[in-house]
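Architecture at a glance
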Amino acid sequence: MILSGKVPPFRLILRASPRWYMCFATNWKWVTPQMESKRLALRKFFSLIAVLLMVLSGSSYGIAAAQDQAAASPSSDPSSGNYLLGVADKVRIIVYNEPSLSGEFIVGDNGSLSLPLIGEVVAKGRSQKVVTEDIQARLADGYLKEPRVSLDVLTYRPFYILGEVAKPGEYPYSSNLTVMNAIARAEGFTYRANKGKVFLKRAGEKEEKAVKLTPDLEVMPGDTVRIGERYF
């Protein structure tokens, strides 16, 4: 039943009986308690949707921030010229006019190169230039007169891919390797894989970061990539 007349600028609810309420919105009308209950339930539902959207927006921002933080630093990028050597890197060292002191060497688990004549030379966490200068200085200290040394990286330490791929494990690194290439080497995603983001731990870092999966996201020597599981 509709009661006509001018409406006051407020909402009024009057108890008319144990089963009926008289409620005003844009005009007077009768509503049941069940109708009022549904209205309140809808209000709660839309409030929850609004909160959920705010949370999702914050998560997207967090992943975007992690994307920036997970960008390869010059020290881990072989193409930067500032690459720092690490365990399992294989290098070629040439001491000019001294073939017995030249050869191919691997950075050992202790982070050092074991070289003829001068013994252990620390390599982990040092650039090629610094290691070369160290070798030259030690050879010049009572062994050779004005030694000339060159050092080149032959192969870089491997990377690791874990989680929801067909064949997780250790794989050799190659130049310009992307996460998508790494996944292909591991024979692709499993059916449970979350294809929207990955968890990336750069070499030398202690914690992994959630990063949006893009075609140009790069893998560096020693990195660990983990593919998470989707829930929907």
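In every chain, residue numbers begin from 1 and rise along the written sequence. This being a predicted model, a pLDDT of at least 70 is required before a residue's local features are given, and a value of 80 or more before pairs of side-chain atoms are given or counted; all residues contribute to the totals for chains, interfaces and linings. Calculation of side-chain values draws on the structure's entire complement of heavy atoms; hydrogens and water are dropped beforehand.

Focus: the pairing of strand S7 (residues 119–122)
Pairing between strands is defined by DSSP: at least two bridges between them are needed. Secondary structure is summarised from DSSP: a helix means a run of H or I of at least four residues, a strand means a run of E of at least two, and numbering begins at the N terminus for each. Summarising the sheet, strand S6 (residues 112–115) and S7 pair through 4 bridges and their orientation is antiparallel. Bridged to Leu115 within S7 is Gly119. Two successive antiparallel strands, S6 and S7, enclose a turn made up of 3 residues, where Leu117 displays a positive phi of approximately 75 degrees.

With respect to the sheet that holds strand S5 (residues 103–106)
Taken in spatial order, the 3 strands line up as S5-S4-S8 in an open sheet, and their pairing is antiparallel. Both outer strands of the open sheet, S5 and strand S8 (149–155), are each paired with one neighbouring strand and no more. Across the sheet, the axes of successive neighbouring strands diverge by a mean angle of 30 degrees, strand direction being ignored. Here 6 bridges tie strand S4 (residues 90–95) to S8, and the two strands are oriented antiparallel to one another. Looking at S8, one finds that Val95 is bridged to Val149. Whether two residues are in contact is decided by their heavy atoms, any of which lying within 4.5 Å being enough. Convention adopted: a line fitted to C-alpha atoms gives each axis, helices being fitted over their contacting stretch, and angles between N-to-C directions are expressed from 0 to 180 degrees. On the sheet, helix H2 (residues 128–140) packs against S4 and S8 and is oriented at approximately 135 degrees with respect to S8.

These figures capture arrangement, not role.
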